[in-house]
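# Commentary on secondary and tertiary structure
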Amino acid sequence: MPPASSFWKNLLPAGFAFAAVAAAQSASPDFAKSVAAFVEDHCYDCHDADTQKGGFRLDTLSRDLSDPKTAIAWQDLLDLVKQNEMPPKKKSRPPAEELAKF
């Protein structure tokens, strides 16, 4: 029988994905539009078909948050932006208003 910590380690990402899906389903179309605009303005330079820094492509990342893997990828992206890890320090920070919408 696996240790209890292994159970929680596997359950937590699923819980976050479920929360992301629930939030996305209640989100307005304006929210989806602002996220798409933010990603295009601040992320595609390094994470598109040509560049793919870190092996991460946003141009092919699905926006279907009902898929748990997709929801986790978007949550990871959100976490990196909120923790000021992305965009990287060499790039300019998005305005606070854009960060709040994202």
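See the structure above.
As the structure is a computational prediction, the values presented were derived from the model and not from experiment.

When the charged atoms of two side chains with opposite charge come close together, those side chains can pair. For the structure on display, the rule yields 1 salt bridge. Where R57 meets D59, a salt bridge forms, and the shortest distance between an N and an O atom there is 2.7 Å.

Looking at the second largest pocket, its volume works out to about 300 Å³. Lining of the second largest pocket is provided by 17 residues; of these, H42, C43, H47, M86 and P87 occupy positions nearest its centre. Only α2 (29-42) and α3 (68-82) provide two or more residues apiece to the lining of the second largest pocket. The element contributing the most residues to the lining of the second largest pocket is α3, with 3 residues. Its residues assigned to classes, the lining of the second largest pocket shows 8 nonpolar, 4 polar and 5 charged.

Let us look at unusual backbone geometry. Going from M86 to P87, the amide bond is cis rather than trans, its omega being -15 degrees. In this structure, P87 sits in the loop between α3 and α4 (96-101). Positive phi, close to 55 degrees, is recorded for Q52, a residue that is not glycine. By the secondary structure assignment, Q52 is in the loop between α2 and α3.

Listed in full, the 12 residues of the largest apolar core are V35, F38, V39, C43, L58, L61, A73, W74, L77, V81, L99 and F102. Listed by contribution, the elements that provide at least two residues to this core are α2 and α3. For this core, the element with the most residues is α3, which contributes 4 residues. Contact partners of V39, with chain neighbours within four places excluded, come to Y44, L58, W74, L77 and F102.

To continue, consider the side chain of T70. Structurally, T70 can be placed in helix α3. On the basis of relative accessible area, T70 is assigned to the buried category, the value being 7%. Looking at T70, its side chain comes within polar contact range of the side chain of D67, at 2.8 Å. Other than its neighbours up to four places away in sequence, T70 contacts S62, D64 and L65.

Cut-off values and rules
Residues numbered from 1 in each chain as written. Predicted model: local features only at pLDDT ≥ 70, side-chain atom pairs only at ≥ 80, totals over all residues. Heavy atoms only, no water. Salt bridge = Lys/Arg side-chain N within 4 Å of Asp/Glu carboxyl O. 1 Å grid on protein atoms, 1.4 Å probe; cavity = no way out; pocket = protein on both sides within 12 Å on 5 of 7 lines; lining within 4 Å. Points joined across faces, edges and corners; volume = space filled by probe spheres on them. Helix = DSSP H or I, 4+ residues; strand = E, 2+ residues; numbered from the N terminus. Nonpolar A, V, L, I, M, F, W, Y, C, P; charged D, E, K, R; others polar. Core = buried A, V, L, I, M, F, W, Y, C linked by side-chain atoms within 4.5 Å. Buried < 20%, exposed > 50% of the residue type's maximum accessible area, 1.4 Å probe, protein only. Contact = heavy atoms within 4.5 Å. Polar contact = N/O pair within 3.5 Å; in protein donor to acceptor, adjacent residues only side chain to side chain.

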